[in-house]
Amino acid sequence: MKYQLIIIGGGPAGYTAAEAAGKAGLSVLLIEKQNLGGVCLNEGCIPTKTLLYSAKTYDGARHASKYAVTVSEVSFDLPKIIARKAKVVRKLVLGVKAKLTAHNVTILAGEAQIVDKNHVTCAGEVYECENLLLCTGSETFVPPISGVQTVDYWTHREALDSKELPESLVVVGGGVIGMEFASFFNSLGVDVTVVEMMDEILGGMDKELSALLRADYAKRGIKFLLSTKVISIAQTTDESVQGVVVHYENTDGVGSVAAQRLLMSVGRRPVTKGFGLENLNLQLTERGTIRVDEQMQSSVSGVYVCGDLTGFSLLAHTAVREAEVAVHTIIGKEDAMSYRAIPGVVYTNPEIAGVGQTEESLQAKGIAYRVVKLPMAYSGRFVAENEGVNGVCKVLLSETDDRVLGAHVLGNPASEIITLAAMAIDLELTAAAWKKIVFPHPTVSEIFREAL
């Protein structure tokens, strides 16, 4: 059969592109080898946030007395938390399928193999296309640490489905995924240690706010080993304690930490093998990622690449926008991808979010800037809803013309208000222009106006 567009991968990029193309009247075939929604919906963004909300609710109940509310015998049921997570995922996957079906998208379950830019095979059938869109996503990266294959470790997938709490947990990797799981298990009473090779957690986020978040979690009992390299992993030799021991080295020398469970959370890498990508001979960047233009088109005409496979930003919301740009280009609608204002959020409690430039990135580029910074306590709504909790809002402005270059927030609900800063950056607003916008009162988002 022949289609105007074949999409390989049914994650956020793939299903967004399929819906948009189907809505535009194109004949679309979407091939997905596992589950619609990809990693984000099935074992990433949505399930982790579902677990984290349960943990946040539990935290709120335990500390309800701060708000003059008495809650007795607070407890949680982990199997039910996991079951609720599965229910949420099922509901959303069915929703994605319904939207695609409504727009006449043909969904094919199976592994796609690219023959050339106009032909794809799946389950022994050959499918022809005018345009090909690659959205194969990413996979967990487990570094070749000595002994890692000899121990029973978790990736995010196993951590999401465990119905039993470990007494202790070592998290290798203090990035977004590592910190979110550290937050979840810490809230439920697990003894957590985070081992991070860099000198601060959450690389890429604002360092000052990341350090404040780390200090907050250190007070809650999480132990952090920064600037620390894992050199080997082994099963514990003590037969009475089943678990793993992580051997490491840092400026203090060598050491080790043992725990009942080990979570490997070093990072993710784009999926580039197993679907015939090599048959397209696409041009690569200096970093080894697939080269695309502002319309998400590769060096081969009619072949588009979106999502994690581009290597720009392994974030679902980036993939969604990339998919929109690709489909707009295919149907002849002018559009271009911009990475100037891609928000990043870590759903710990409190949340931390940032968009645009950081102080570190501006310094590296030699761009002159000034910082405006306020405690979140300058927002009346924040004070009313966050008894005894601190937070910070930081806005970075151009020294030359006062344009908004970046913004970073530590405090709930950072994930919900950071979009306002993203819009200011994308629209290239100056501080004065942004301040003229009327913010509703009382809202936490007013902190941006107060800062300016």
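Let me sum up the structure you'll find in this document. On a predicted model such as this, the values are computed, not experimentally measured, just so you know.

Quick notes on the rules
- Residues numbered from 1 in each chain as written.
- Predicted model: local features only at pLDDT ≥ 70, side-chain atom pairs only at ≥ 80, totals over all residues.
- Heavy atoms only, no water.
- Helix = DSSP H or I, 4+ residues; strand = E, 2+ residues; numbered from the N terminus.
- Buried < 20%, exposed > 50% of the residue type's maximum accessible area, 1.4 Å probe, protein only.
- Contact = heavy atoms within 4.5 Å.
- Areas by Shrake-Rupley, 256 points an atom, 1.4 Å probe, with all protein chains shown as cover.
- Lys, Arg positive; Asp, Glu negative; His and termini not counted.
- Charge placed at Lys NZ, Arg CZ, Asp CG, Glu CD.
- Salt bridge = Lys/Arg side-chain N within 4 Å of Asp/Glu carboxyl O.
- 1 Å grid on protein atoms, 1.4 Å probe; cavity = no way out; pocket = protein on both sides within 12 Å on 5 of 7 lines; lining within 4 Å.
- Points joined across faces, edges and corners; volume = space filled by probe spheres on them.
- Nonpolar A, V, L, I, M, F, W, Y, C, P; charged D, E, K, R; others polar.
- Axes fitted to C-alpha atoms, helices over the stretch in contact; angles between N-to-C directions.
- Parallel < 35°, antiparallel > 145°, perpendicular 65-115°, else oblique.
- Left-handed = near helix turned anticlockwise from the far one by under 90°.
- Disulfide = S-S within 2.5 Å.
- Phe/Tyr/Trp six-rings, centres within 6.5 Å; stacked < 30°, edge-to-face > 60°.
- Lys NZ or Arg CZ within 6 Å of the ring centre and 35° of its normal.
- Pairing = 2+ DSSP bridges.
- Expected span 1.5 Å × (residues − 1).
- Polar contact = N/O pair within 3.5 Å; in protein donor to acceptor, adjacent residues only side chain to side chain.

### Looking at the overall build of the chain
Stage number 1. What the chain contains, in helices and strands, is 13 helices and 21 strands.
Stage number 2. In terms of overall dimensions, the chain has C-alpha extents of about 65 × 65 × 45 Å along its principal axes.
Stage number 3. Buried positions account for 50% of the 452 residues belonging to the chain.
Stage number 4. Restricting to contacts in the chain with at least 6 residues of sequence separation, those with at least 24 account for 63%.
Stage number 5. Only carbon and sulfur atoms are counted for the fraction: they give 51% of the accessible area of the chain, which is about 21400 Å².
Stage number 6. Side-chain charges in the chain split into 42 positive and 51 negative, and the spacing between the mean points of these groups amounts to 4 Å.

### Remarks on the pattern of salt bridges
Stage number 1. By the definition in use, this model includes 23 salt bridges.
Stage number 2. Between Asp 199 and Lys 207 there is a salt bridge, with the nearest N and O atoms lying 3.0 Å from each other.
Stage number 3. By sharing partners, the salt bridges in this structure join Asp 206, Glu 208, Glu 359, Lys 373 and Lys 394 into a single network.

### Observations regarding the layout of surface pockets
Stage number 1. Size it by volume and the second largest pocket reaches roughly 840 Å³.
Stage number 2. Contributing to the lining of the second largest pocket are 27 residues, with Lys 66, Arg 220, Asn 349, Pro 350 and Val 389 lying nearest its centre.
Stage number 3. Those elements giving two or more residues to the lining of the second largest pocket turn out to be helix H3 (45-62), helix H6 (176-187) and helix H7 (207-219).
Stage number 4. Sort the elements by how many residues they give to the lining of the second largest pocket and H7 lands first, with five residues.
Stage number 5. Among the residues making up the lining of the second largest pocket, the classes are represented as eight nonpolar, 10 polar and nine charged.

### Examining the packing of helix H1 (residues 12-23) against helix H4 (residues 78-102)
Stage number 1. Their axes nearest at 8 Å, the elements H1 and H4 cross at an angle of 30°. One element, H1, and the other, H4, form an angle in the roughly parallel class. The two elements H1 and H4 meet at a crossing, and its hand is left-handed. Taking contact as the criterion, the partners of Tyr 15, Ala 18 and Glu 19 in H1 are, on H4, Val 96, Lys 99 and Leu 100.
Stage number 2. Tallied by class, the residues present in the contact of H1 with H4 amount to four nonpolar, no polar and two charged.

### Side note on the state of the cysteines
Stage number 1. What the rule picks out here adds up to one disulfide.
Stage number 2. Each sulfur of the disulfide joining Cys 40 and Cys 45 lies 2.5 Å from the other. Between Cys 40 and Cys 45, the S-S dihedral sits near -125°, and the bridge is therefore left-handed.
Stage number 3. Owing to a relative accessible area of 16%, Cys 40 belongs among the buried residues under this scheme.

### Describing the packing of aromatic side chains
Stage number 1. Going through the model one piece at a time under the given rule, you end up with six aromatic pairs.
Stage number 2. Among the aromatic residues, those joined into a ring-pair cluster are Trp 154, Phe 181, Phe 184 and Phe 185.
Stage number 3. Just above the ring of Tyr 217 sits the side chain of Arg 220; from NZ or CZ to the centre is 4.2 Å.

### Thoughts on the packing of H3 against H4
Stage number 1. Two elements in contact, H3 and H4, have axes whose closest approach is 9 Å; the angle formed by their N-to-C orientations is 140°. Accordingly, the angle class assigned to the pair H3 and H4 is oblique. As H3 runs across H4, the sense of the crossing is right-handed. Here Ile 46, Pro 47, Thr 50, Leu 51 and Ser 54 of H3 come into contact with H4, specifically with Ile 81, Ile 82, Arg 84, Lys 85, Val 88, Val 89 and Leu 92.
Stage number 2. Of the residues assigned to the contact of H3 with H4, the class counts are eight nonpolar, two polar and two charged.

### What about the sheet that holds strand E10 (residues 223-225)?
Stage number 1. The strand order across the open sheet formed by four strands is E10-E9-E8-E14, and the pairing between neighbours is parallel. Among the strands making up the open sheet, the edge pair consists of E10 and strand E14 (261-264). When strand polarity is set aside, the average angle formed by the axes of neighbouring strands in this sheet is 20°.
Stage number 2. The sheet contact formed by strand E8 (residues 168-172) and E14 spans four bridges and is parallel.

### Considering H1
Stage number 1. For H1, which comprises 12 residues, the first-to-last C-alpha distance of 16 Å matches the rise-based estimate of 16 Å (1.5 Å per residue) to within 8%.
Stage number 2. Among the 12 residues that make up H1, nine are buried, leaving the element largely enclosed by the rest of the structure.
Stage number 3. Of the surrounding secondary structure, the elements contacted by the buried residues of H1 are strand E1 (2-8), strand E2 (28-32), helix H2 (38-43), H4, strand E6 (125-134) and helix H8 (316-330).
Stage number 4. Gly 25 lies just past H1 and shows a positive phi near 95°.

### A closer look at the side chain of Lys 394
Stage number 1. The residue Lys 394 is located in strand E20 (residues 392-398) in this model.
Stage number 2. The class of Lys 394 is buried, set by a relative accessible area of 1%.
Stage number 3. Of the polar contacts made by the side chain of Lys 394, one reaches the side chain of Asp 206; its length is 3.0 Å.
Stage number 4. Among the polar contacts made by the side chain of Lys 394, one reaches the side chain of Glu 359 at a distance of 2.8 Å.
Stage number 5. The contacts of Lys 394, once residues within four sequence positions are left out, are Asp 206, Glu 208, Leu 209, Glu 359, Val 371, Val 372, Lys 373, Gly 406, Ala 407 and His 408.

### Looking at the sheet that holds strand E12 (residues 244-250)
Stage number 1. Here three strands make up an open sheet; going across it, the order is E11-E12-E13 and the pairing antiparallel. The sheet is open, and its two borders are formed by strand E11 (229-235) and strand E13 (253-259), each paired with just one other strand. Neighbour-to-neighbour, the strand axes of the sheet open up by a mean angle of 20°, direction not taken into account.
Stage number 2. For E11 and E12, the ladder comprises six bridges, and the chain directions are antiparallel. From the neighbouring strand, Gln 235 faces E12, where its bridge partner is Val 244.

### What to know about helix H11 (residues 414-426)
Since the α-helix advances by 3.6 residues per turn, residues separated by three or four positions end up pointing in the same direction.
Stage number 1. The end-to-end C-alpha distance of H11, which contains 13 residues, comes to 18 Å, matching closely the 18 Å that a straight helix rising 1.5 Å per residue would cover.
Stage number 2. Here H11 has its buried residues at Ala 414, Ser 415, Ile 417, Ile 418, Ala 421, Ala 422, Ala 424 and Ile 425.
Stage number 3. Contacts made by the buried residues of H11 are with strand E17 (344-346), strand E18 (352-356), strand E21 (404-410), helix H12 (431-435) and helix H13 (446-451).
Stage number 4. Once H11 ends, the next one or two residues include Glu 428, with phi positive near 55°.

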